[in-house]
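The residues making up each chain are set out below.
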Amino acid sequence: MFDRLQKPFLTVETGEAYQPIRLTFDLHKPELLEMALGSLQCIEKNTAANSWSWYWKAECEDLHFESIDAFRKNPDNPLRLATITLREGKFYLNLPSFKRACLAVPFFHKMIKKEILTVHVADFINKVFALDERLPHGFSELFKEDELDRILHQRIHDYHHVKEQVEDANTAEDAFKILYDYTKSEAQKRLPYAERYVFDLAQQEDPDIVFLAFYIFLRGRELIADFLAYIARVAI
């Protein structure tokens, strides 16, 4: 899963595809955040204000990247997995790959009390990059809040509309036909460049189910991005 791509596509140090993703956490008790971060050896404060780095060491030493084939850890120079920024009352975790995001969500859920911090949304792009392709400059260039909200609300509206149709169907066969037509229609649509995923920890007693759902969703998106990149490459 999240395997190393074949060249000429860009990958991160741990082998998986470079696909920027930003996790946004709701900050409930900002006065306790710095103490919580300071208690973790894998997180170090940056020189910039309200900025930290998350490193692959100490508490997260055992995080596993199955896509690695050549990277070797250096205890004297640990790999930075993500950057953390605090802005406008929100906690942002900026990561270069889907795999790291899937590891980060349960890690921070476990290490920082939910009374202080809870994950809310993930913003990501449905694309892999060629080695010679221009990369976006920062996450603000990637993610436009209005567009992400519009796409998300449209997806929620479509879900509830289809759900009502299925519930009102006269027979099981009619309900199946509605689902089949909807799935077929969705499969023919082009995925948006950037997209938003919403976590629902408040409605689910078992957080592992939420983490698994996030993994499955991202894995599906990554497979589509990989396939489209492959098609584009062989068409050249």
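Our subject is the structure listed above.
For the structure given in this document, a descriptive report is provided here. Model, not experiment: these values are computed from the prediction. (Residues numbered from 1 in each chain as written. Predicted model: local features only at pLDDT ≥ 70, side-chain atom pairs only at ≥ 80, totals over all residues. Heavy atoms only, no water.)

### A look at the packing of aromatic side chains
Right, on to step 1. Enumeration over the complete set of coordinates arrives at 12 aromatic pairs.
Right, on to step 2. Consider the rings of Phe98 and Phe124, whose centres lie 5.5 Å apart with planes at 85°: the pair is edge-to-face. Placement of Phe98 in helix α2 (residues 98–111) and of Phe124 in strand β6 (residues 117–125) is noted, with a sequence separation of 26 residues between them. The same class applies to Phe98 and to Phe124, which are both buried. (Phe/Tyr/Trp six-rings, centres within 6.5 Å; stacked < 30°, edge-to-face > 60°. Helix = DSSP H or I, 4+ residues; strand = E, 2+ residues; numbered from the N terminus. Buried < 20%, exposed > 50% of the residue type's maximum accessible area, 1.4 Å probe, protein only.)

### Observations regarding unusual backbone geometry
If a residue is not glycine, its phi is most likely negative; likewise, a peptide bond is most likely trans.
Right, on to step 1. Backbone geometry places Asn50, a non-glycine residue, at a positive phi of 55°.
Right, on to step 2. Within the secondary structure, Asn50 is located in the loop between β2 (43–45) and β3 (51–55).
Right, on to step 3. Asn50 sits in the partly exposed class, given a relative accessible area of 40%.
Right, on to step 4. Backbone geometry places Ala58, a non-glycine residue, at a positive phi of 50°.
Right, on to step 5. Note on placement: Ala58 falls in the loop between β3 and β4 (80–87).
Right, on to step 6. With a relative accessible area of 36%, Ala58 lands in the partly exposed category.

### Observations concerning the nonpolar core
Right, on to step 1. Residues Leu23, Trp54, Phe108 and Phe214 are the most contacted members of the largest nonpolar core, which totals 44 residues.
Right, on to step 2. Every element with two or more residues in this core is listed here: β1 (21–27), α1 (30–38), β3, β4, β5 (90–95), α2, β6 and α6 (207–235).
Right, on to step 3. For this core, the element with the most residues is α2, which contributes eight residues.
Right, on to step 4. The contacts of Phe108, once residues within four sequence positions are left out, are Phe25, Ile43, Trp54, Ile84, Phe91 and Leu93.
Right, on to step 5. Counting five residues, the second-largest nonpolar core is a separate cluster that includes Val12, Tyr18, Ile125 and Phe129. (Core = buried A, V, L, I, M, F, W, Y, C linked by side-chain atoms within 4.5 Å. Contact = heavy atoms within 4.5 Å.)

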